[in-house]
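Spelled out from the first residue to the last, the chains are:
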Amino acid sequence: MQKKPLNFIESIIEDDLSNNKHQQIYTRFPPEPNGYLHIGHAKSICLNFGLSENYKGKCNLRFDDTNPVKEDVEYVESIKEDIKWLGFNWEDEVKFTSNYFDKLYNFAIKLIKSGDAYVCELNAEQLRKYRGTPTEPGKESPWRNRDVAESLTLFEGMKNGDFDEGKYLLRAKIDMASPNMHMRDPILYRIRFANHHRTGNTWKIYPMYDFAHGQSDYFEGITHSVCTLEFEVHRPLYDWFIDKLADSEYRPQQIEFARLNLTYTVMSKRKLLELVESNFVNGWDDPRMPTISGFRRRGYTPESIRNFSDKIGVAKRDGFIDVALLEHSIREDLNKKADRVMGVLNPLKVIIDNYPEDSEEYLDAVNNPEDESRGKRKVPFSKELFIEQEDFMENPPRKFFRLGIGREVRLRYAYFIKCTHVEKDDAGNVTKVHCTYDPASKGGKSPDGRKVKGTMHWVSAKHAIRSEIRLYDRLFSVENPQADKEKDFKGFINENSLEVNKIAMLEPHLKTAKSGEQFQFERKGYFCVDKDSSLDNLIFNRTVTLRDSWAKIKNS
RNA sequence: UGUCCCGUGGUGUAAUUGGCAACACGUCUGAUUUUGGUUCAGAAGAGUCCAAGUUCGAGCCUUGGCGGGACAACCA
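What counts, and where the lines are drawn
- Residues numbered from 1 in each chain as written.
- Chains lettered and ligands numbered in written order.
- Predicted model: local features only at pLDDT ≥ 70, side-chain atom pairs only at ≥ 80, totals over all residues.
- Heavy atoms only, no water.
- Helix = DSSP H or I, 4+ residues; strand = E, 2+ residues; numbered from the N terminus.
- Polar contact = N/O pair within 3.5 Å; in protein donor to acceptor, adjacent residues only side chain to side chain.
- Contact = heavy atoms within 4.5 Å.
- Salt bridge = Lys/Arg side-chain N within 4 Å of Asp/Glu carboxyl O.
- Buried < 20%, exposed > 50% of the residue type's maximum accessible area, 1.4 Å probe, protein only.
- Near = heavy atom within 4 Å.
- Nonpolar A, V, L, I, M, F, W, Y, C, P; charged D, E, K, R; others polar.
- Pairing = 2+ DSSP bridges.
- Right-handed = clockwise from strand over helix to strand, strands pointing away.
- Core = buried A, V, L, I, M, F, W, Y, C linked by side-chain atoms within 4.5 Å.
- Phe/Tyr/Trp six-rings, centres within 6.5 Å; stacked < 30°, edge-to-face > 60°.
- Lys NZ or Arg CZ within 6 Å of the ring centre and 35° of its normal.
- Axes fitted to C-alpha atoms, helices over the stretch in contact; angles between N-to-C directions.
- Parallel < 35°, antiparallel > 145°, perpendicular 65-115°, else oblique.
- Left-handed = near helix turned anticlockwise from the far one by under 90°.

Caption draft 1: How the structure looks around the side chain of Asn60. With respect to the helices and strands, the residue Asn60 is situated in strand S2 (residues 58-63). A polar side-chain atom of Asn60 sits 2.8 Å from a polar atom in the side chain of Glu220. Beyond its immediate chain neighbours, meaning those up to four positions away, Asn60 contacts Tyr26, Thr27, Arg28, Phe29, Phe49, Trp90, Glu91, Lys95, Glu220 and Ile222.

Pasting the structure below:
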């Protein structure tokens, strides 16, 4: 057995462990509770929790809840649910940055006292001007050298709610000329009269993310603070804070990796929120959304997402993962797990002219050829059947192996049938296909050994149950909807990303299928029962189609 | 005209004291098949952004270019 090559983060960890820098690793997943988790977060979750699993360490779930105006308990609940669903467990109880508000406040006071922070009165616009640009140095605030005592008093007042929002700020005193914008006297605290989902109205001031994040890692004893690339330039600032705070050699080590981009979708919470709010989709868990809850409702399994996460790897260069790899991951998983059934999406009536009028019989069908333990079931057969419209052609092209006049095919698990003639409507559309069957071919084998090219799925007309089927396609019509700087990403939405089919006919076995249950509709794809489904209105979501080499031939 | 990060098949990741580039997805053949699925066998596809240098030998080291990305929210 060959050892799987390490990614660069694992290499760092193995070095740290073998050098005894750490005896045990401690990671964390630190979402802000301001939206639902998406597949990009899943990558980070699998990484952080996976690392702690593989190296026998620990991993915290910590909500970075420093901005009460955007955050909500609804989101903390959904995030917890998603992580559990993926199969991960956090260490101890859930952590919140708001747990550290006191510590952070005391640290801020320490910084004021040591002359490393001051209360500033610049307004938003002035602040922007004073900050400079990436290529031009900033200017020092007129309040920068205010008395320590005065800053202390003012900061106390800010905390007590004595001042209006925006009136004062606490800023670190670092270097307004730094080539790194984040070092130009960053804001530590701002006044906010907002109700915090956990601390209520206790606080009138809230720490900025940059002032809270690194220290929270430090408070929790995190050894490896894994985050995405955009925080790379923040690292010197976090290190600056920790140097002021630390009383030992211990430092959390921040390591940045490239966030996940997937083709034909968008991955920012802001954009996903926009899709939800403008009703392009039906909520955060719409099966077209790249959210974890969306994939769950679509029928993706936790295993498929974890395997996907393994396969995409971890690196610092950012790129786009082909959505085909995700689709491969779910097919791979469902191929082993999903029971096969027969369902006709676009029914075409077939009449077996030589089959006895009122007769019916139950035929054996294998539930899952990949898993014998799943056993067999009975499928009813009778004189009138439905087949898929696209499985019949009057003038079939070369390489078409299905039914046509004079052709013989196999009905899966049933009989060989041969088409004799068709009926048409006034418009010339085929409405009924007449066939004869070979009674000797029961079960799908012909005793004389003759072969047929095609095997088709079918349902017995009088036994079939009708169902609603939601067919999903990619949400966007281009690989990268954000590539165009001029045009808004919503302009690239695929108008046909949802097709609701209400004419599908399924084998009766599915009548009692429960919400969340997954099946392979033979030759059509993987489907799961939607949460909106009920006994009198069965609803299936198509998770993904099967690979389809005929479609490729047909389209070329 | 700043600081930091990154350039390996179509896509994503490997190549761990420097030894003529591997795996996965995708693509294309063929075999098997009661799913045009699965499975199996095979093929094409990069000479590692460019240039110079060190070396017997460079994707790995050095230098200089070029290209891409991040950073100017009282967001995270």
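And the narrative resumes.
Caption draft 2: Focus on the pattern of salt bridges. Following the criterion strictly, the structure yields 48 salt bridges and no others. Notably, a salt bridge pairs Glu121 with Arg146, separated by 2.6 Å at the nearest N-O pair. Of this pair, Glu121 sits in the loop between strand S4 (117-120) and helix H5 (124-131) while Arg146 sits in the loop between H5 and helix H6 (148-160), and the two are 25 residues apart along the sequence. Here Asp364 ties to Lys378 by a salt bridge, and the two come within 2.9 Å at their closest N and O atoms. Of the two residues, Asp364 is situated in strand S13 (residues 360-366) and Lys378 in strand S14 (residues 376-382); the sequence distance between them amounts to 14 residues. On the basis of relative accessibility, which here comes to 41%, the residue Asp364 falls in the partly exposed class. Ionic contacts of the salt-bridge type, sharing partners, join the residues Asp285, Arg297, Glu468, Arg470, Asp530, Lys531 and Asp532 into one network.

Caption draft 3: Structural context of the protein's contact with RNA strand B. Among the 71 residues in the neighbourhood of RNA strand B, the closest are listed as Arg340, Arg402, Gly443, Gln520 and Arg523. Here, RNA strand B places atoms within 4 Å of the protein, and 63% of those atoms are sugar or phosphate. At 2.6 Å from a sugar or linking oxygen of RNA strand B is found a side-chain nitrogen or oxygen belonging to Arg412. Glu522 places a polar side-chain atom, nitrogen or oxygen, 3.3 Å from a sugar or linking oxygen of RNA strand B. Breaking the surface near RNA strand B down by element, the ones donating at least two residues are H5, strand S6 (187-191), helix H11 (302-312), helix H12 (323-337) and helix H13 (549-555). Counted by class, the surface near RNA strand B contains 27 nonpolar, 18 polar and 26 charged residues.

Caption draft 4: Layout of the pairing of strand S9 (residues 253-257). Extensive coverage of S9 is indicated by the burial of 4 of its 5 residues. Bridge analysis of strand S8 (residues 224-228) against S9 gives 5 bridges, and the strand direction is parallel. Paired with Val226 across the bridge in S9 is Ile255. Once you follow S8 into helix H8 (residues 235-245) and on to S9, the crossover reads as right-handed.

Caption draft 5: Region of interest: unusual backbone geometry. Residues other than glycine seldom take positive phi values, yet Asn20 does so here, at roughly 65°. Note that Asn20 resides in the loop between helix H1 (8-18) and strand S1 (26-29). The exposure class of Asn20 is exposed, given its relative accessible area of 52%. Within the chain, Asp92 stands out as a residue other than glycine whose phi angle is a positive 50°. A relative accessible area of 52% places Asp92 in the exposed class.

Caption draft 6: Fine view of the nonpolar core. Membership of the largest hydrophobic core comes to 37 residues, with the highest contact counts inside it found for Ile39, Ile45, Phe49, Ile83, Leu262 and Phe308. Listed by contribution, the elements that provide at least two residues to this core are helix H2 (39-54), S2, helix H3 (73-86), helix H10 (292-298), H11 and H12. When residues of this core are assigned to their parent elements, the largest contribution, 5 residues, is made by H2. Leaving out residues up to four positions away in the same chain, Leu262 has contacts with Ile39, Met267, Phe308, Phe320, Ile321, Asp322, Val323, Leu326 and Glu479. Core analysis: the next-biggest nonpolar cluster, separate from the first, contains 35 residues, Ile112, Val119, Leu170 and Phe241 among them.

Caption draft 7: Examining the packing of aromatic side chains more closely. Tallied over the full model, the rule gives 29 aromatic pairs. Among the aromatic side chains, those forming a connected cluster through ring pairs are Phe101, Tyr105, Phe107, Phe155, Tyr189, Trp203, Tyr206, Phe211, Trp240 and Phe241. The aromatic ring of Tyr168 is capped on one face by Lys167, whose charged end is 5.2 Å from the ring centroid. Residue placement shows Lys487 over the ring face of Phe492; its charged tip is 4.3 Å from the ring centre.

Caption draft 8: Representation of the environment of Gly161 within the structure. On the secondary structure map, Gly161 appears in the loop between H6 and strand S5 (169-172). Gly161 sits 80 residues away from Glu81 along the chain, and the two C-alpha atoms are 36 Å apart. Apart from residues lying up to four places away in sequence, Gly161 is in contact with Phe193 and Lys204.

Caption draft 9: Just the packing of H11 against H12, in detail. Taken N-terminus to C-terminus, the directions of H11 and H12 make an angle of 135°; their axes are 9 Å apart at the nearest point. Between H11 and H12, the angle falls in the class oblique. When you trace H11 past H12, the crossing you get is right-handed. Of the residues in H12, those in contact with Glu303, Ser304, Phe308, Lys311 and Ile312 of H11 are Leu325, Leu326, His328, Ser329, Ile330, Glu332, Asp333 and Lys337. Class assignment of the residues belonging to the contact of H11 with H12 gives a composition of 5 nonpolar, 3 polar and 5 charged.

Caption draft 10: Region of interest: the packing of helix H4 (residues 101-113) against H6. Closest axis-to-axis distance for the H4/H6 pair is 9 Å, and the angle between their directions is 160°. As the angle between them shows, H4 and H6 are arranged roughly antiparallel. Judged by the sense of rotation from one axis to the other, the crossing of H4 with H6 is right-handed. Here H4 contributes Tyr105, Ala108, Ile109, Ile112 and Lys113 to the contact with H6, which in turn contributes Val148, Ser151, Leu152, Phe155, Glu156 and Lys159. Considered class by class, the residues forming the contact of H4 with H6 number 7 nonpolar, 1 polar and 3 charged.

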